[in-house]
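# Descriptive structure summary
As a plain string of letters, each chain reads:
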Amino acid sequence: MDDPRTLVSTDWLAAHMKDPDLRIIDASWHMPAENRDPKAEYDAAHIPGARFFDIDEIADLRSDLPHMAPTVEKFMSRMRAMGVGDGHQVVVYDTNGVNSACRVWWLFKLMGQNDVAVLDGGLPKWQAEGREIEDLPPVIRDRHMTVRRQNHLVKDVTQVSSASKLGDYEIIDARSAARFTGEAEEPRAGLRSGHIPNSKNVPFAELMTDNGTLKSPEECRAVFEAAGVDLSKPAITSCGSGVTACILALAMERFGKSDYSVYDGSWTEWGAFPTLPIATGEA
């Protein structure tokens, strides 16, 4: 099931390591409460040749919200500095398996780049198989990237509010069931508990196998259907801060659903504004 535009296996990456136009990106990111430094972990051990993608820095820092999608100009300049550009096949991984790498996959898609895939199982699977890692910085050579932002892949709070009222989109929340129903407190201080009215809940963990890889396209589709998602409607994915929402986007792309977008502000935005309605309990 290797697909260089969505998801590739560790075997695929190992077979293509010497390809001159392959670029590997470490997109590891952790919740602030975890007290982990993904850049320090990258410096200590990464897949050979990997560049580090700082999700919190390659972002729109003018926003009060965390890691909002960067401007086209900033994305282009950061990718050029990383030596990633036109004609490259990009493979993104992270230290959790299949997690924040999906956010960077979606960012590349948002910027009009299609030759990008997530490494299934990420660094944990790569290391468990005894494959090579290193602590050396990559050799960088500038390459221009042509960016054409795909605005249909992202939604703002006004668009999501309209979709919630009109029901013309399926809003799909990737957070845990307890956070969705409002039974669990949000990990970010100051946020209300609950979910966007008229949204459905597909916890991202339900799309994963026990070994940290993504379930098959058919199994992922079944998870969405079991959650009551109407796949005939266009979808908007949401989560805590726009990271795991991208796992849902990747899963949908894998089973052939391309009319999706990501609510970039997600619950960090929605849950902070007392004027926005919330629902509790099951969908």
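Bear in mind that the values here come from a model prediction, so they are computed numbers and not experimental data.

### Some words on the pattern of salt bridges
Side chains that carry opposite charge are capable of pairing whenever their charged atoms lie near each other. The tally for this structure, following the rule as stated, stands at 19 salt bridges. A salt bridge links Arg175 to Asp173; the shortest N-O distance between them is 2.8 Å. According to the relative accessible area criterion, Arg175 is buried, its value standing at 2%. Its relative accessible area of 3% is what places Asp173 among the buried residues. With a closest N to O distance of 2.8 Å, Asp259 and Lys257 form a salt bridge.

### Observations concerning the sheet that holds strand β4 (residues 89–93)
What the 5 strands build is an open sheet, ordered β1-β5-β4-β2-β3; its pairing is parallel. Two strands in the sheet have a free side with no partner beyond their single neighbour: β1 (7–8) and β3 (51–52). Two elements, strand β2 (residues 22–26) and β3, share 2 bridges in a ladder whose sense is parallel. Note on β3: the bridge partner recorded for Asp26 is Phe52. Where helix α4 (residues 100–110) meets the sheet, it contacts β2, β4 and β5 (116–119), and its direction lies at approximately 175° from that of β5.

### Brief notes about the packing of α4 against helix α9 (residues 245–254)
One can describe the packing of α4 onto α9 by two numbers: an axis separation of 8 Å at closest approach and a directional angle of 65°. Judged by the inter-axis angle, α4 sits roughly perpendicular to α9. Pair α4 / α9 crosses with left-handed handedness. Residues Cys102, Arg103, Trp105, Trp106 and Lys109 of α4 form the contact with α9, whose participating residues are Cys246, Ile247, Ala249, Leu250 and Glu253. Its residues assigned to classes, the contact of α4 with α9 shows 7 nonpolar, no polar and 3 charged.

### Description of α4
A turn of α-helix holds 3.6 residues, and therefore any two residues three or four places apart point the same way. Most of α4 sits out of view: 11 of its 11 residues are buried. Immediately downstream of α4, the backbone of Gly112 shows phi near 85°, a positive value.

### Brief notes about the packing of aromatic side chains
Following the criterion strictly, the structure yields 5 aromatic pairs and no others. Their ring planes at 80° and their centres at 5.2 Å tell us that Phe75 and Phe108 sit as a pair that is edge-to-face. Taken as a pair, Phe75 in helix α3 (residues 72–82) and Phe108 in helix α4 lie far apart in primary sequence, 33 residues in all. For the pair Phe75 and Phe108, one class covers both residues: buried. Aromatic pair Tyr263 and Trp270: ring centres 6.4 Å apart, planes at 85°, arrangement edge-to-face. Owing to a relative accessible area of 0%, Trp270 belongs among the buried residues under this scheme. Three or more aromatic residues joined by ring pairs make a cluster, and in this case those are Phe53, Phe75 and Phe108. It is Arg131 that lies over the ring of Trp126; its NZ or CZ is 5.5 Å from the centre.

### A short note on the nonpolar core
In this structure, Phe53, Phe75, Phe108, Leu207 and Phe224 are the most contacted members of the largest nonpolar core, which totals 56 residues. The contacts of Phe224, once residues within four sequence positions are left out, are Ile172, Val202, Leu207, Val229, Leu231, Leu248, Ala251, Met252 and Phe255. One finds Tyr42, Phe52, Ala117 and Leu119 within the second-largest nonpolar core, a separate group that totals 15 residues.

### Here we look at the sheet that holds strand β7 (residues 170–173)
Strand order in the open sheet made by the 5 strands is β6-β10-β9-β7-β8, with parallel pairing throughout. Each having just a single partner strand, β6 (154–155) and β8 (199–201) make up the two edges of the open sheet. Here β7 runs beside β8; their pairing, made up of 3 bridges, is parallel. Bridging across to β8, Asp173 finds its partner in Asn201.

Parameters and conventions
- Residues numbered from 1 in each chain as written.
- Predicted model: local features only at pLDDT ≥ 70, side-chain atom pairs only at ≥ 80, totals over all residues.
- Heavy atoms only, no water.
- Salt bridge = Lys/Arg side-chain N within 4 Å of Asp/Glu carboxyl O.
- Buried < 20%, exposed > 50% of the residue type's maximum accessible area, 1.4 Å probe, protein only.
- Pairing = 2+ DSSP bridges.
- Helix = DSSP H or I, 4+ residues; strand = E, 2+ residues; numbered from the N terminus.
- Contact = heavy atoms within 4.5 Å.
- Axes fitted to C-alpha atoms, helices over the stretch in contact; angles between N-to-C directions.
- Parallel < 35°, antiparallel > 145°, perpendicular 65-115°, else oblique.
- Left-handed = near helix turned anticlockwise from the far one by under 90°.
- Nonpolar A, V, L, I, M, F, W, Y, C, P; charged D, E, K, R; others polar.
- Phe/Tyr/Trp six-rings, centres within 6.5 Å; stacked < 30°, edge-to-face > 60°.
- Lys NZ or Arg CZ within 6 Å of the ring centre and 35° of its normal.
- Core = buried A, V, L, I, M, F, W, Y, C linked by side-chain atoms within 4.5 Å.

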